[in-house]
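Descriptive analysis of the structure
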Amino acid sequence: MRGSGSLLVDNIGELVTNASGDGTGGPLGIHRDAALLVEDGQVAWVGPARGAPAADRRIDAGGAAVIPGFVDSHAHLVFAGDRAAEFAARMAGQPYTGGGIRTTVGATRAAPDSELRATVRRLRDEALRQGTTTIEIKSGYGLTVADEARSLRIAAEFSEDTTFLGAHVVPAEYADRPDDYVGMVCGPMLAAAAPYARWIDVFCERGAFDVDHARAILACGQAAGLGVRVHANQLGPGPGVQLGVELGAASVDHCTHLSDADVDALAATGTGDGAASTVATLLPGAEFSTRSPYPDARRLLDAGVTVALATDCNPGSSYTSSMPFCIALAVREMRMTPAEAVWAATAGGARALRRDDVGVLRPGARADLIVLDAPTHLHLAYRPGVPLIRQVLHNGVPQ
Ligand code: NIG
Ligand code: FE
């Protein structure tokens, strides 16, 4: 008998660990007929179901598949209002330009803290029910010193991975003096935001921030101790990906329009756990919801780039919190195999957040896992739109 409070997840038909180098097949590190022991919120043991240690409590997976909890490394959850009418207009033929961000900024500024907090909680819980046990949360709909600071303060109540996105767009009151806005972002806004943020991000795109402004803002954030991530190459080709590589970003996100030089630059950062590698985080919910061409994950994978999948959950371009939906899109539309997509939604997300305690099920990792209502991870893409999340454990606690 192990220590008190131990929990054995037993009778697992297919256990996806993402732990390589343990003699099991493939990058998913699959064990068949397995069991997993949880102690003190961490994975304590993984092995064959025969020979599993006794524990205080037991969950019988009934031969189903168990995978790591999803790591959603890109989400904008601090906002007010929605933009359903803008979505309907797009589906009737209007293009997406990012111009609607200012609509959400107006609603967010007008909302009390309690409303913003309730929205973050609702979306975090919605994501958890769909298997997401780690979620990054960005600011970016406040765009004043006070509203960015409170957005991050609220985000930090729900996530360790909070991201300062004061450079989402230039707000209307600075429209004719973007240099002044950049100075404000690098000065008082960063000072107010940094205590609540782990990361800094910039929307580097035509109509948002050009490469010089983006570089200046990201460099200020780095100097304040924040890690770098970039919204890059979403609406068209541009310098964002290569800027991210230049600054050692943990991740460049969207990557919808890439040149060969962009792909080469990402590949040259390597694929290992090394601190220098830059992950390409693909956000197929945004292409779905803006009716845009999907990024080509196959091209990145074949070049040796590390790929993550995330939801980009936000009220404009991608109002989904569903990682299973993103996996299904990535397999059907982006030339990923089901195994690659499941890895990208778990271990890939962890790499994009430079974390080694999540996205993997090995002794010492956080006991964040999903019991699927399916015999294999393949069903996440094979049975799109079906609720396959039977049970979620977060920090070893059944949700
Ligand atoms: O990641 N691209 C910039 N930001 C968000 C969209 C935000 C919005 O439309 O409100 C994105 O897609
Ligand atoms: Fe985004």
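Structure's up top.
Just so we're clear, the structure is a prediction, and the values are computed from it rather than from any experiment.

1. Some details on the site of ligand 1
Neighbouring ligand 1 are 15 residues; Arg 83, Tyr 96, Tyr 141, Gln 234 and Ser 317 lie closest to it. A distance of 3.4 Å is found between an oxygen atom of ligand 1 and a side-chain nitrogen or oxygen belonging to His 76. The contact in question runs from an oxygen atom of ligand 1 to an N or O atom on the side chain of Asp 312, over 2.8 Å. Here ligand 1 loses 100% of its free accessible area of 330 Å² to cover by the protein chains. Each residue belonging to the shell around ligand 1 can be placed in one class, and the counts come to four nonpolar, nine polar and two charged.

2. Side note on the sheet that holds strand 9 (residues 162-167)
Across the sheet, which stays open at both edges, the seven strands sit in the order 8-9-10-11-12-13-14 with parallel pairing between neighbours. In this open sheet, the two edge strands, each paired with only one partner strand, are strand 8 (137-138) and strand 14 (307-309). Alignment of strand 13 (residues 279-282) against strand 14, held across three bridges, turns out to be parallel. The residue of strand 14 that forms the bridge with Ala 280 is Val 307. Most of the contacts of helix 4 (residues 145-155) go to strand 9, to which it runs at about 165°, and overall it touches strand 8 and strand 9.

3. Describing the packing of helix 11 (residues 323-333) against helix 12 (residues 338-352)
The N-to-C vectors of helix 11 and helix 12 enclose an angle of 140°; their axes lie 9 Å apart at closest approach. Taken together, helix 11 and helix 12 sit at an angle that is classed as oblique. For the pair helix 11 and helix 12, the sense of crossing is right-handed. Note on element contacts: helix 12 touches helix 11 through Pro 338, Ala 341, Val 342 and Ala 345, opposite Met 323, Ile 327, Ala 330 and Val 331. Residue classes in the contact of helix 11 with helix 12 are distributed as eight nonpolar, no polar and no charged.

4. Focus on the environment of Arg 153
Its location among the elements puts Arg 153 in helix 4. Distance from Arg 153 to Val 71, taken between C-alpha atoms, is 21 Å for residues 82 residues apart in sequence. When near neighbours in sequence (up to four residues on either side) are disregarded, Arg 153 contacts Asp 113, Arg 117 and Tyr 196.

Cut-offs used in this document
- Residues numbered from 1 in each chain as written.
- Chains lettered and ligands numbered in written order.
- Predicted model: local features only at pLDDT ≥ 70, side-chain atom pairs only at ≥ 80, totals over all residues.
- Heavy atoms only, no water.
- Near = heavy atom within 4 Å.
- Polar contact = N/O pair within 3.5 Å; in protein donor to acceptor, adjacent residues only side chain to side chain.
- Areas by Shrake-Rupley, 256 points an atom, 1.4 Å probe, with all protein chains shown as cover.
- Nonpolar A, V, L, I, M, F, W, Y, C, P; charged D, E, K, R; others polar.
- Pairing = 2+ DSSP bridges.
- Helix = DSSP H or I, 4+ residues; strand = E, 2+ residues; numbered from the N terminus.
- Contact = heavy atoms within 4.5 Å.
- Axes fitted to C-alpha atoms, helices over the stretch in contact; angles between N-to-C directions.
- Parallel < 35°, antiparallel > 145°, perpendicular 65-115°, else oblique.
- Left-handed = near helix turned anticlockwise from the far one by under 90°.

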